[in-house]
Amino acid sequence: MPEHYLRHPAEIPILLSTAQESQPLNFCYPLNREFSPAGLSCVSDAYISPGSTIEISTPLSHPSLSATGHVIWCQQEQPGFLLGIGFDDPDQAFSVRMIEQVCQIESYRLKQHRRGRQLSSEQAAVEWIRLHAADFAAIGQLQ
């Protein structure tokens, strides 16, 4: 199992759905994975077969951002199953990076809120971009 995948922030839900599932599956668990060009890593409540096509979206963005990839590996982990998702199409890889950037900004806003700082989404985006965008751009370029 590759160890380097773009890590999705645990406190931000993303929706993944497959052609086999009539309802989207929610993924929102902490991960201990590093960033890399390989893909996206998240935890699922359900087993998803490697090779399955999967659509990724987030309820945070309006209009909704989405990307389509495929499950590279699925390994049982408590709770649920750890997924590695890959992207063959550079446009889909770019879309997932945009989804993850929106999620990282919202995660930053929530962390600031827990520290007693009230930030709007726009304020959080400005701060996060100033503090982290250069690192995010350099880390895990999905190709």
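Keep in mind it's a predicted model, so treat the numbers as computed, not measured.

## Here we look at the overall build of the protein
Inference 1: For the protein, the helix and strand inventory stands at 2 helices and 7 strands.
Inference 2: In sequence order, the secondary structure elements of the protein are arranged as β-β-β-β-β-β-β-α-α.
Inference 3: Taking all 143 residues of the protein together, the buried fraction comes to 43%.
Inference 4: Residue pairs in contact within the protein that sit at least 24 positions apart in sequence constitute 61% of those at least 6 positions apart.
Inference 5: By element, 52% of the accessible surface of the protein is carried by carbon and sulfur atoms, the whole surface being about 7600 Å².

## A closer look at the pairing of strand β6 (residues 66-76)
Inference 1: Sheet topology note: the strand β5 (residues 53-57)/β6 ladder contains 5 bridges and is antiparallel. The residue of β6 that forms the bridge with Ser57 is Ser66.
Inference 2: Two successive antiparallel strands, β6 and strand β7 (residues 81-86), enclose a turn made up of 4 residues, where Gly80 displays a positive phi of approximately 90°.

## What to know about the pattern of salt bridges
Inference 1: Per the stated rule, a full pass over the model turns up 2 salt bridges.
Inference 2: With its nearest N and O atoms 2.6 Å apart, the salt bridge here joins Glu106 to Arg109. Of this pair, Glu106 and Arg109 both sit in helix α1 (residues 90-114), 3 residues apart, roughly one helical turn.
Inference 3: Judged by relative accessible area, which is 14%, Glu106 ranks as buried.
Inference 4: One salt bridge connects Glu127 with Arg117, and the closest N-O pair in it is separated by 2.6 Å.

## Quick notes on the environment of Pro59
Inference 1: Along the chain, the position of Pro59 falls in the loop between β5 and β6.
Inference 2: The class of Pro59 is partly exposed, set by a relative accessible area of 44%.
Inference 3: Sequence separation of Pro59 and Leu15 is 44 residues, and the distance between their C-alpha atoms is 7.7 Å.
Inference 4: In this view, Pro59 contacts Pro13 and Leu15; residues no more than four positions away in its chain are not counted.

## Remarks on the environment of Ser41
Inference 1: Within the secondary structure, Ser41 is located in strand β4 (residues 40-44).
Inference 2: Assessed through its relative accessible area of 0%, Ser41 is described here as buried.
Inference 3: Separated by 43 residues in sequence, Ser41 and Gly84 have C-alpha atoms that sit 4.8 Å apart.

## Describing the confidence of the model for the protein
Inference 1: Of the residues in the protein, 76% have a pLDDT of 70 or more, and the chain-wide mean is 77.
Inference 2: Confidence, read as mean pLDDT per element, is least for strand β3 (residues 25-27) in the protein (50) and greatest for β6 (89).

## Concerning the pairing of β5
Inference 1: The sheet contact formed by strand β2 (residues 14-18) and β5 spans 4 bridges and is antiparallel. Bridged to Leu16 within β5 is Ile56.

## Some details on α1
Inference 1: With 25 residues, α1 extends 36 Å between its outermost C-alpha atoms, agreeing within 8% with the 36 Å of an ideal straight helix rising 1.5 Å per residue.
Inference 2: Between the side-chain oxygen at the start of α1 and the backbone nitrogen of Asp91 there is a gap of 2.8 Å, and the oxygen is on Asp89.
Inference 3: Two residues or fewer after α1 comes Gly116, characterised by a positive phi angle close to 95°.

## Quick notes on the environment of Ser44
Inference 1: Along the chain, Ser44 falls in strand β4.
Inference 2: Taking relative accessible area as the criterion, Ser44 reaches 0% and is therefore assigned buried.
Inference 3: As for Ser44 and Leu15, which are separated by 29 residues in sequence, their C-alpha atoms are 9.9 Å apart.
Inference 4: From its side chain, Ser44 meets the backbone oxygen of Ala46 in a polar contact 2.5 Å long.

Cut-offs applied
Residues numbered from 1 in each chain as written. Predicted model: local features only at pLDDT ≥ 70, side-chain atom pairs only at ≥ 80, totals over all residues. Heavy atoms only, no water. Helix = DSSP H or I, 4+ residues; strand = E, 2+ residues; numbered from the N terminus. Buried < 20%, exposed > 50% of the residue type's maximum accessible area, 1.4 Å probe, protein only. Contact = heavy atoms within 4.5 Å. Areas by Shrake-Rupley, 256 points an atom, 1.4 Å probe, with all protein chains shown as cover. Pairing = 2+ DSSP bridges. Salt bridge = Lys/Arg side-chain N within 4 Å of Asp/Glu carboxyl O. pLDDT = per-residue confidence, 0-100. Expected span 1.5 Å × (residues − 1). Polar contact = N/O pair within 3.5 Å; in protein donor to acceptor, adjacent residues only side chain to side chain.

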